[in-house]
Amino acid sequence: MPQIAQLPEFWSSQVFWTLIFFGLTFFVIGRGMVPKVMDTVAMRDKQIADDLAAAQAARDAADEQEEAWRKRENENRAQAQAVIAKAKADAAAKSDKKIAAAQKRLDKKMAEAEAEIAAARAAAMTEIEGVAADATQSIVEKLAGSSVDGAAAQAAVKEALAHG
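Residues numbered from 1 in each chain as written. Predicted model: local features only at pLDDT ≥ 70, side-chain atom pairs only at ≥ 80, totals over all residues. Heavy atoms only, no water.

**Things to note about the overall build of the chain**
Within the chain, the secondary structure is distributed over 2 helices and 0 strands. Principal-axis analysis of the C-alpha atoms places the extent of the chain at approximately 190 × 40 × 20 Å. Across the 164 residues in the chain, those meeting the buried criterion constitute 2%. When the accessible surface of the chain is totalled, it reaches about 14,100 Å², and 64% of it is carbon and sulfur. One finds the centroid of the 21 positive side-chain charges in the chain at a distance of 6 Å from the centroid of its 24 negative side-chain charges. (Helix = DSSP H or I, 4+ residues; strand = E, 2+ residues; numbered from the N terminus. Buried < 20%, exposed > 50% of the residue type's maximum accessible area, 1.4 Å probe, protein only. Areas by Shrake-Rupley, 256 points an atom, 1.4 Å probe, with all protein chains shown as cover. Lys, Arg positive; Asp, Glu negative; His and termini not counted. Charge placed at Lys NZ, Arg CZ, Asp CG, Glu CD.)

If you want it as C-alpha cells, here you go:
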C-alpha cells in the first residue's frame, strides 16, 4: 500500500516540526515568561506579607495607644470622682454650718417668742384676775347686798384660778 509506505516520511516530518514547535514554545514560555510570572507572584506574595506585617504592627500600636488612653481615662475619671467627692463634702460642710447658724437664729427667735408669749399670758392672767375680781365684787354686791373689799375679792379669784 502506497499510503503506508509514505507514513515514515510523513510521520518523521510531523514529529520533527512538533518537536521544533514545542521546543520553541518551551524556551519562549518556559524559560522566558514563566520566570517573570513567578517573580511577579513571589513579589506579590512578599508585598502581601509585608502589608500584613505592617497592618499587624499598626494594630498592635493602636492597641497600645488604646490601652494607654483607657488608663488615662480611668485616671481622669478617678480624679474627677475625687474632685466631685471633695466638692460634695465641702458643700455638705458649708450647708451644715449654714443650717447650724439658721438653727441658732431660730432657737433664739423661738426663745424670744416664748418669752413674749409668757409675758402676754402673765399680762392676760393679771387682766383676767382684775376683771374677775371686779365681777366678783359686783356679783356679791348685787346678790348679797354687801360690799366686798377689793383685796379679798382678788385673793378669792387667785385661789379659784390656782385650784381650777
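Moving on from the coordinates now.
**Regarding a nonpolar patch on the surface**
Together, Leu 7, Phe 10, Trp 11, Val 15 and Leu 19 make up a nonpolar patch on the protein surface, roughly 550 Å² of accessible area in all. Within the secondary structure, Phe 10 is located in helix α1 (residues 2-144). (Patch = residues over 30% accessible without salt bridge, like charges linked within 9 Å, V, L, I, M, F, W, Y side chains within 5 Å. Salt bridge = Lys/Arg side-chain N within 4 Å of Asp/Glu carboxyl O.)

**Description of the environment of Ala 57**
Tracing the chain through its elements places Ala 57 in helix α1. Distance from Ala 57 to Asp 96, taken between C-alpha atoms, is 58 Å for residues 39 residues apart in sequence.

**Quick notes on the pattern of salt bridges**
Scanning all chains against the criterion turns up 3 salt bridges. Two residues, Asp 50 and Lys 46, come together in a salt bridge whose shortest N-O distance is 3.1 Å. A residue pair is termed a helical-turn pair when its members lie 3 or 4 positions apart in one helix, as Asp 50 and Lys 46 do in helix α1 at 4 residues. Taking the shortest distance from any N to any O, the salt bridge between Glu 66 and Arg 70 comes out at 2.5 Å. In this pair, Glu 66 and Arg 70 both sit in helix α1, 4 residues apart, roughly one turn of the helix.

**With respect to the UniProt feature "transmembrane region" (unreviewed entry) in the chain**
Within this numbering scheme, the UniProt entry marks residues 15-34 as carrying the feature "transmembrane region" (unreviewed entry). The span residues 15-34 is 100% helix and 0% strand, and its two end C-alpha atoms sit 25 Å from each other. (UniProt positions renumbered as here; feature names shortened; annotations may be inferred.)

**Some words on a negative patch on the surface**
Among the surface-exposed residues, Asp 60, Asp 63, Glu 64 and Glu 67 lie close enough to one another that they form a single negatively charged patch. Turning to its location among the elements, Glu 67 is positioned in helix α1. Classification of Glu 67 as partly exposed rests on a relative accessible area of 44%.

**Concerning the packing of aromatic side chains**
One pass over the structure, following the stated rule, counts 3 aromatic pairs. With centroids separated by 5.4 Å and ring planes inclined at 75 degrees, the aromatic side chains of Phe 26 and Phe 27 adopt a geometry described as edge-to-face. (Phe/Tyr/Trp six-rings, centres within 6.5 Å; stacked < 30°, edge-to-face > 60°.)

**Things to note about the side chain of Glu 129**
Among the secondary structure elements, Glu 129 is positioned in helix α1. Those residues in contact with Glu 129 that sit more than four places away from it in its chain are Gln 154, Val 157, Lys 158 and Leu 161. (Contact = heavy atoms within 4.5 Å.)

**Observations regarding the environment of Phe 21**
Relative to the helices and strands, Phe 21 resides in helix α1. Residue classification places Phe 21 among the exposed residues on the basis of a relative accessible area of 54%. Considering only alpha carbons, one finds Phe 21 and Gln 47, 26 residues apart in sequence, at a separation of 37 Å.

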